[in-house]
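Observations on chain architecture
One letter stands for each residue in the lines below.
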Amino acid sequence: MKTEKEYASIVVGAGHAGIEAALSIARAGFPVLFLTANIETIGKMSCNPAIGGLAKGHIVREIDALGGQMGLTIDQTSIQFRMLNKSKGPAVWAPRAQADKKQYALLMKQIVTSEPNIDLEQALVESLIVENKKVKGVVTHSGEKVYAKSVIISSGTFMKGLIHIGEKKTPGGRGGEAPSLNLSDSLVDNGIELKRFKTGTPPRLHINSIDYNAIEVAKGDAVQSAFSFRSKKLDRPQVDCWLTYTNENTHQIIRDNLHQSPLYAGRIQGIGPRYCPSIEDKVVKFADKDRHQIYLEPEGLDSDEVYVNGLSMSMPQDVQYQIVRSMKGLEKAELIRLAYAIEYDYSPPTQLKLSLETKAVENLFLAGQINGSSGYEEAAAQGLIAGLNVIRKLKNQEPFLLDRSEAYIGVLIDDLVTRGTNEPYRMLTSRAEFRLLLRQDNADERLMKYGYEFGLIDESTYQQLVNNQGKIQELVKQLKNSHFDSKPLDKYLRRPEMKIQNLPGIDNEILNQPDYILNQVELNVKYEGYINRQNQEVAKFRKLEKRHIPEGFDFSLVKSLSREAREKFLKIRPQSIGQAARIPGITSADLSVLLVTVLNESKN
């Protein structure tokens, strides 16, 4: 470790958030020290072996458009691709890919270690070096002090992690790995509040112990699509996934053994994720359901392990065997790894600025599960945004902020920072007000200009986007000006059942365009009215977002505010009237008082 060297940033934790943070800063030309407790677990998929899914797939496409790595890596290591929600409107179509778990992590490690501006070291961070409320570096377990202009903590579930299996409790940040015990205390000492969350993972089964003739096959799409706008044609080997279900016998085993579940015996204090509950939770809270779907996912082309999606739990080993073997096709299943629950420290995200810099300590950024989120994709997005904001600070530029009308990433961060979260936060399409504009297929059109400005998207890729956008606009115009039977072709295309390839009198020159271009033309024409309406709503939204609240504005001096509003404004410190309006519990009267005060102050 080059302790004499001052780094632009120290990134702590080499999970999905840390990787995106470190790579973005390094690729922008700045030296990064990347610290991890175990170099062999860089980019490890701690839970499910998949990337994307509902709303999460949108985030991965956005990460890619900004110049991040996740989409490129899953494209090179996927073993099954599916576009979810194809029966619904295009706003909620979502790409998802099963990953070869080992290949994904190995490729991420190779990418990180080959980046010349990254010094990768195996070290546990014990504390922060903070002077005058500014972070200056970190102290490692060996007592070494390393200095940097910024620090990004992306610790995942490792801060005071505690693993539960039945009555057995084991300190750990992940199965078989030691926790980080002292970093939490250092954060608290520097004015950052911490609380406890809980998450879990299901058992893994031996691939040859499953009776595949007794269960349903779940095949991927015949045509593989890429997550990354920069990926070339994909030709990855594809595998099948499988479906089975719990039954009344399964549920009775769980009910009979609830006293052995740490969650229901009161041994787990942390709050778990509502949208990814344990099987104990499902059986208790959805007692009217006679079965729950269990999705069996191979963990790799050469792996013997199958991930049991939907069966997260913390029961003792013998009960886990009973539960698994009560299901069709799993009567003789062998468990390679047990399911477990894990409690860990997190920092309530209302303590952050929208840039993900902490309010208590300047130049200290938090990203990923430490902010109360769940999921690889949400973590990676935060890591990238933290990295981009470090770059902006190094260049003495304004923070890089995505608003809710630009990206799911903007919704994610605004929700966390403005509203906070009382449970592990998971992105959902329903959280986005402007989801017709925030489709997974147009993330490049929305965000690639930013990736290009940061130098993370190359010239040829960006120029291709510009050319494509020009071609799409040209073809839409051509359809409006072309007629069949005295009627413009775009009117025919608005019919729900009509495809662009079947338009009467369509010019073959148009049909010779790439599928991506034709799909965008069709979507733009079919949904033009809805898109125009949402753009009008965005204009109103941005009017409030442009009403900036000055840095250091003293909310305590605003007369006529309710006590609740004053306390919330002082805690969140909103950066615009729009953000202030989204704070839970703020009334229109409080908002009007704040707006008038800000306007009067700006005139003085």
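**Quick look at the overall build of the protein**
When helices and strands are tallied, the protein shows 19 helices and 23 strands. Projected onto its principal axes, the C-alpha positions of the protein cover 75 × 70 × 50 Å. Of the contacts made within the protein by residues no fewer than 6 positions apart, 72% connect residues no fewer than 24 positions apart.

**A word on helix α15 (residues 515–526)**
When the terminal C-alpha atoms of α15 are compared, their 16 Å separation across 12 residues agrees well with the 16 Å that a helix rising 1.5 Å per residue should span. Those residues of α15 that sit buried are I517, L518, Q520, V521, E522, L523, V525 and K526. Buried-residue contacts for α15 involve α11 (443–453), α12 (459–481), α13 (489–493), α14 (508–511) and α16 (528–545).

**Brief notes about the sheet that holds strand β2 (residues 32–36)**
In spatial order, the strands read β6-β2-β1-β10-β21; together these 5 strands make up an open sheet with parallel pairing. Edge strands, defined here as strands with exactly one partner in the open sheet, are β6 (118–122) and β21 (364–366). Sheet twist, expressed as the average angle between the axes of neighbouring strands with direction ignored, equals 20 degrees. When strand β1 (residues 9–12) meets strand β10 (residues 151–153), the two strands line up parallel, connected through 3 bridges. What sits directly across from V11, in β10, is I152. Across the face of the sheet, helix α1 (residues 16–27) comes into contact with β1, β2, β6 and β10 while running at roughly 165 degrees to β2. With respect to the sheet, helix α9 (residues 376–394) is in contact with β1, β10 and β21, its orientation differing from that of β21 by roughly 160 degrees.

**Here's the deal with the sheet that holds strand β5 (residues 94–99)**
The 3 strands lie next to each other as β3-β5-β4, forming an open sheet whose pairing is antiparallel. With partners counted over all chains shown, the strands left at the sheet margins are β3 (50–52) and β4 (78–84), one partner each. Put simply, the sheet's adjacent strands are angled 15 degrees from each other on average, direction ignored. Judged from the 6 bridges that link them, β4 and β5 form a sheet pairing that is antiparallel. Counterpart to F81 in the pairing with β5 is A97. Here helix α2 (residues 56–65) sits on the sheet and contacts β3 and β5; the angle it forms with β3, its principal contact strand, is near 80 degrees.

**A closer look at the packing of aromatic side chains**
Within this structure, the stated rule accounts for 11 aromatic pairs. On the basis of an interplanar angle of 70 degrees and a centroid distance of 6.1 Å, the ring pair of F484 and Y492 is categorised as edge-to-face. For F484, a relative accessible area of 38% translates into the label partly exposed. Residue classification places Y492 among the buried residues on the basis of a relative accessible area of 8%.

**Some remarks on the pattern of salt bridges**
This model, assessed by the stated rule, comprises 36 salt bridges. In this structure, R255 and E248 form a salt bridge, with 2.4 Å as the shortest nitrogen-oxygen distance. When its relative accessible area of 34% is taken as the criterion, R255 is described as partly exposed. For K499, the salt bridge is made with E522, and the minimal N-O distance between the two is 3.0 Å. Placement of K499 in the loop between α13 and α14 and of E522 in helix α15 is noted, with a sequence separation of 23 residues between them. The network of salt bridges with common partners includes R404, D414, D415, R419, E433, E545 and R582.

**Regarding the pairing of β1**
The alternating pattern of β1 places S9 and V11 and I10 and V12 on opposite faces, both of which are buried. Both β1 and β2 contribute to a ladder of 4 bridges, which runs parallel. Bridging from a neighbouring strand, V11 pairs with F34 of β2.

**Regarding the pairing of strand β12 (residues 168–171)**
Here 4 bridges tie strand β11 (residues 162–165) to β12, and the two strands are oriented antiparallel to one another. Each bridged residue has a counterpart across the sheet, and for I165 the counterpart in β12 is K168. Between β11 and β12, which pair antiparallel one after the other, the connecting turn spans 2 residues, and G166 there sits at a positive phi close to 60 degrees.

**With respect to the nonpolar core**
Counting 93 residues, the largest nonpolar core has L364 and I409 as its most contacted members. Tallying contributions element by element places α9 first for this core, with 10 residues. Once residues within four sequence positions are removed from consideration, L364 is found in contact with L128, V135, V151, I153, L187, I192, L356, E357 and T358. Judged by nonpolar contacts, the second largest core, of 25 residues, contains V306, A333, L335 and A339.

**A word on the side chain of D415**
Along the chain, the position of D415 falls in helix α10 (residues 408–419). There is a polar contact of 2.6 Å between the side chain of D415 and the side chain of Y425. With near-sequence residues (within four places) excluded, D415 lies in contact with R404, G420, Y425 and R431.

Calculation rules
Residues numbered from 1 in each chain as written. Predicted model: local features only at pLDDT ≥ 70, side-chain atom pairs only at ≥ 80, totals over all residues. Heavy atoms only, no water. Helix = DSSP H or I, 4+ residues; strand = E, 2+ residues; numbered from the N terminus. Contact = heavy atoms within 4.5 Å. Expected span 1.5 Å × (residues − 1). Buried < 20%, exposed > 50% of the residue type's maximum accessible area, 1.4 Å probe, protein only. Pairing = 2+ DSSP bridges. Axes fitted to C-alpha atoms, helices over the stretch in contact; angles between N-to-C directions. Phe/Tyr/Trp six-rings, centres within 6.5 Å; stacked < 30°, edge-to-face > 60°. Salt bridge = Lys/Arg side-chain N within 4 Å of Asp/Glu carboxyl O. Core = buried A, V, L, I, M, F, W, Y, C linked by side-chain atoms within 4.5 Å. Polar contact = N/O pair within 3.5 Å; in protein donor to acceptor, adjacent residues only side chain to side chain.

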